[in-house]
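So the chains spell out like this:
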Amino acid sequence: CRISSDGKPAKFQPPPKPVIIDKQKQREERRFLSPEFIPPRGRTDPLKFYIERKDMIQRRKVFNIPEFYVGHVLAVTTADPYANEKTNRFVGICIQRGGKGLGATFVLRNVIEDQGVEICYELYNPRIQAIEVLKLEKRLDDNLMYLRDALPEYSTFDVNMKPVSHLDHEEVPVNKLQVRMKPKPWSKRWERPKYNIKGIKFELPENKMKEAQKWSQPWLEFDMLREYDTSKIEDKIWHEVSEELKK
Amino acid sequence: MMPIWTKSGKKHAVTLLKVQDCHVLRYISKEESGGKTSKLLVGGKNASPFYKSESAMEIFKEAGVPRKQKVSTFNVTDDAIIKPGSTPLYAAHFRPGQFVDVTAKTIGKGFQGVMKRWGFKGQPASHGQTKTHRRPGAISTNKAAKVYRGKKMPGKMGNIYRTSFGLKVWRINTIHNIIYVNGSVPGHTNCLVKVKDSKLPTYKDCNKNPPFPTFFADGDEKLPEDLYDEEVFQFTDPSVTYA
C-alpha cells in the first residue's frame, strides 16, 4: 500500500463510479404498429374499429403476438383435436399478411417432402397457442406469392430450425435476395408492372420485358383519389395501443 | 361484421347493431288499432326537426322526444306496455343466447334486368345468338293467351323491407349499446334496422327470464360492460386447448 505524505495510512478512496452510457435507450424506440390495426378507408362508423381494437388489445395482453413482417420465418403451434398430442406445429416463411381488425390473417409457406404447403392462419384465433419468430428478415416486396413459381429451394425451411438471435434495438435486416424462377408458365405474370416485384431475377429476353411494360399504368401514382394518408391515424392508434399494452 | 370464436374453436361471423336513442312514442290500444294485440310505436335515431311538417311532428311533441329518423310498430301483449316518452330503450333489452329477427330495407340496385333480379339463365354468348344474351325469352304459353300477374320481369330491384329470421345474439355491450347478432343482416352499412324477438316456432321457449317489460337503466341492476353467451370465447381467457 502507498505511504501518504503524512505518514498515516491513507483513507480509502473508492474508485470513481463508471458512467454507463446505455446505447440501447439512446437510440429512438422503434415504432411498430401491426398493419391490421389501421382501419380501411370506407363509410363504416369509427366506433366499430374502436371496439374491435379493444378486443384485439385484450387478446394481445393474454397472448403475445410478436412483431413480424412478410419474409420472416415463423413457427406456429395450434390446438388440433385430431393430432396425437393435441398440438400442431408448422414452420414456414410468411408470404402475405391480409385482412384488417380481428380477422387479420397471415400465410406461411414451406416445402415438406417435395410438396409445397401453404397454411393461412388467423392472428386472433384462440386455437393458436404460440407464435415464435425463428428468423427476422424483411424482403424487397410486401407479397411473396411469387415463391410458388420460384425454385423450391427458396421456400424450403428446416422444420426443426433453431431461432436465430436478434437484438431488440437493431433494425430488421432486409434481404436483397433475387429469386430464380421455374420456367414459364407461372401462376401470375409476375413481370408485369402492376405487381411491382423487385425480388425476382428475371431471365426473360429483352423483348418480353419490354412487352410487359405495355401494361404499366404510370398515371396511378398521381391519382389523388387513391391516396390514403395513414400517418396521423397510425400515430394516434400507436399511442393508444402502446398505452393500453403497458398497463 | 366481425369474427367471433366459440370455446370449441369454431368461428362465426357476427353483425354489430347499435341501439341509438330509442324511445317509445305512443301506445295504441287493441280496440284503437283493430288488431289482436295492442301496439307500441317506437322511434329510432335522432334527426333534425326542421325537415318535416307540423302534423308529422305532433307525435314527437306529444311524447316529448326529439324527432326520430325511423318509427316502427311492435305488437305487444298488455302486460308489456311501456309508458311513452320518458323511457329510453337500451341494448340490454336483449340477452345473449336469445334469437332475434332483423328487418331492414335491402340495398337498392335500381332498374335491373331479369338475370340479376330473378336469376334467369339467359342465352348462350355465341353459336349464332342474334342480340339475345340476357333476355327473359318466352313469357307465357300459347294456350294461356295472356301474361299472368306477377310474371318475373325486369324492374326496380332492392330497397324493400326484408327480414332475416332466427339470428342468435352472441354478445351485448351495455356501455355503447351494441348487439352482436349472428350472420348477415339486410341493408347497407349504417342503415336503420328493426330488431324483434324471433317468431320461429323452434325458438319459442328460448328466452328464459328476459328483462320484462324492458331494461330500465335507472333500476337496481348494474350490468357488467359486456354480456357474453356461455359458448363465446372471451379474449380475457387463455388460448383454447383440446385436453
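The rules behind the values
Each chain carries its own residue numbering, running from 1 in the written order of its sequence. Both sets of labels track the order of writing: A upward for chains, 1 upward for ligands. In view of the model being predicted, local features appear only for residues whose pLDDT reaches at least 70, and side-chain atom pairs are presented and counted only at 80 or more, with totals across whole chains, interfaces and linings using the full set of residues. As a rule here, side-chain values cover all heavy atoms of the structure and leave hydrogens and water aside. Per the convention used, a helix needs a DSSP run of H or I reaching at least four residues, while a strand needs a run of E reaching at least two, with both numbered from the N terminus. Within these notes, the globule rule equals 2.2 Å times the number of residues to the 0.38 power, and the radius of gyration is based on C-alpha atoms. Three exposure classes are used, based on accessible area relative to the maximum for each residue type with a 1.4 Å probe and protein chains only: buried under 20%, partly exposed in between, and exposed over 50%. Contacts are assigned to residue pairs with any non-hydrogen atoms lying within 4.5 Å of each other. By definition, the buried area sums, over both parts, the 1.4 Å-probe accessible area that each loses when the two are put together. When a carboxyl oxygen of Asp or Glu is within 4 Å of a side-chain nitrogen of Lys or Arg, the pair counts as a salt bridge. As used in this structure description, the phrase polar contact means that two N or O atoms lie within 3.5 Å; if the pair is within protein, one of them must be able to donate a hydrogen and the other to accept it, and residues adjacent in sequence are counted only when both atoms belong to side chains. Where each domain starts and ends follows an automatic or database-derived domain assignment. In this description, a line fitted to the C-alpha atoms serves as the axis of each element, helices being fitted only across the stretch in contact, and the angle between N-to-C directions of two axes falls anywhere from 0 to 180 degrees. For classification, angles of less than 35 degrees are called roughly parallel, those exceeding 145 degrees roughly antiparallel, those between 65 and 115 degrees roughly perpendicular, and all remaining angles oblique. Should the near helix be turned anticlockwise from the far one by less than a right angle, the crossing is left-handed, and should it be turned clockwise, the crossing is right-handed. Under the grouping applied here, Gly and all other residues not named as nonpolar or charged are polar, the nonpolar ones being Ala, Val, Leu, Ile, Met, Phe, Trp, Tyr, Cys and Pro and the charged ones Asp, Glu, Lys and Arg. By construction, the arc corresponds to the directions joining the helix axis to the C-beta atoms. Only strands joined by at least two bridges in the DSSP assignment are considered to pair.

A. Broad picture of the overall build of chain A. When its secondary structure is counted, chain A shows four helices and seven strands. Reading the helices (α) and strands (β) of chain A from amino to carboxyl end gives α-α-β-β-β-β-β-β-β-α-α. At 25 Å, chain A has a C-alpha radius of gyration far larger than the 18 Å of a compact globule built from 247 residues. Judged by the C-alpha coordinates and their principal axes, chain A covers about 95 × 55 × 50 Å. For chain A, buried positions account for 36% of its 247 residues.

B. Spatial organisation of the interface of chain A and chain B. Counting from both sides, the interface comprises 27 residues of chain A and, opposite them, 24 residues of chain B. Across the chain A/chain B interface, buried area totals approximately 2200 Å², and carbon plus sulfur atoms make up 62% of it. At the boundary of chain A with chain B, the tally comes to three salt bridges. Lys11(B) serves as the salt-bridge partner of Glu122(A), at 2.8 Å between the closest nitrogen and oxygen. Linking chain A with chain B are 10 residue pairs in polar contact (both at pLDDT 80 or more), by the criterion used here. For the side of chain A that touches chain B, the secondary structure elements donating two or more residues are helix H2 (46-62) and strand E5 (128-135) of chain A. Counting residues per element, the side of chain A that touches chain B draws most heavily on H2(A), at 10 residues.

C. How the structure looks around the domain arrangement of chain B. One can read the domain layout of chain B as domain 1 (2-49 + 59-108 + 163-228) and domain 2 (109-157). The straight-line distance from the C-alpha centre of domain 1 of chain B to that of domain 2 of chain B is 40 Å.

D. Local environment of the side chain of Asn173(B). With respect to the helices and strands, the residue Asn173(B) is situated in strand E10 (residues 161-173). From its side chain, Asn173(B) meets the backbone nitrogen of Ile175(B) in a polar contact 3.1 Å long. Separated by 3.1 Å, the side chain of Asn173(B) and the backbone nitrogen of His176(B) make a polar contact. Filtering out sequence-adjacent residues up to four positions away, Asn173(B) remains in contact with Ile51(A), Ala91(B), Ile178(B), Glu225(B) and Asp226(B).

E. Expanded view of the packing of H2(A) against helix H4 (residues 231-246) of chain A. Residues and elements named next belong to chain A. Orientation of H2 relative to H4, taken along the N-to-C sense of each, is 40°, at an axis distance of 10 Å. One way to sum up the angle between H2 and H4 is to call them oblique. Considering only the axes of H2 and H4, their crossing is right-handed. Contacts between H2 and H4 pair Tyr50, Arg53, Ile57, Arg60 and Lys61 from the former with Ile237, Glu240, Val241, Glu244 and Leu245 from the latter. Looking at the contact of H2 with H4 residue by residue, the class counts come to five nonpolar, no polar and five charged.

F. Molecular detail of helix H2 (residues 54-63) of chain B. Residue and element names in this part refer to chain B. Listed in full, the buried residues belonging to H2 are Met57, Phe60 and Ala63. Across the axial projection of H2, the buried residues extend over an arc of 110°, all falling on one side. Away from its buried face, by an angle of more than 90 degrees, H2 presents the exposed residues Glu54, Ser55, Glu58, Lys61 and Glu62. Among the structural elements, strand E3 (22-28) and strand E5 (71-76) are those in contact with the buried residues of H2. In the segment just after H2, Gly64 is the residue with positive phi, at about 75°.

G. Structural context of the pairing of strand E1 (residues 73-79) of chain A. Residues and elements named next belong to chain A. With seven of seven residues buried, E1 is to be regarded as a mostly interior element. Of the two faces of E1, the one holding Val73, Ala75, Thr77 and Ala79 and the one holding Leu74, Val76 and Thr78 are both buried throughout. As paired elements, E1 and E5 share six bridges and run antiparallel to each other. Bridging from a neighbouring strand, Val76 pairs with Ile131 of E5.

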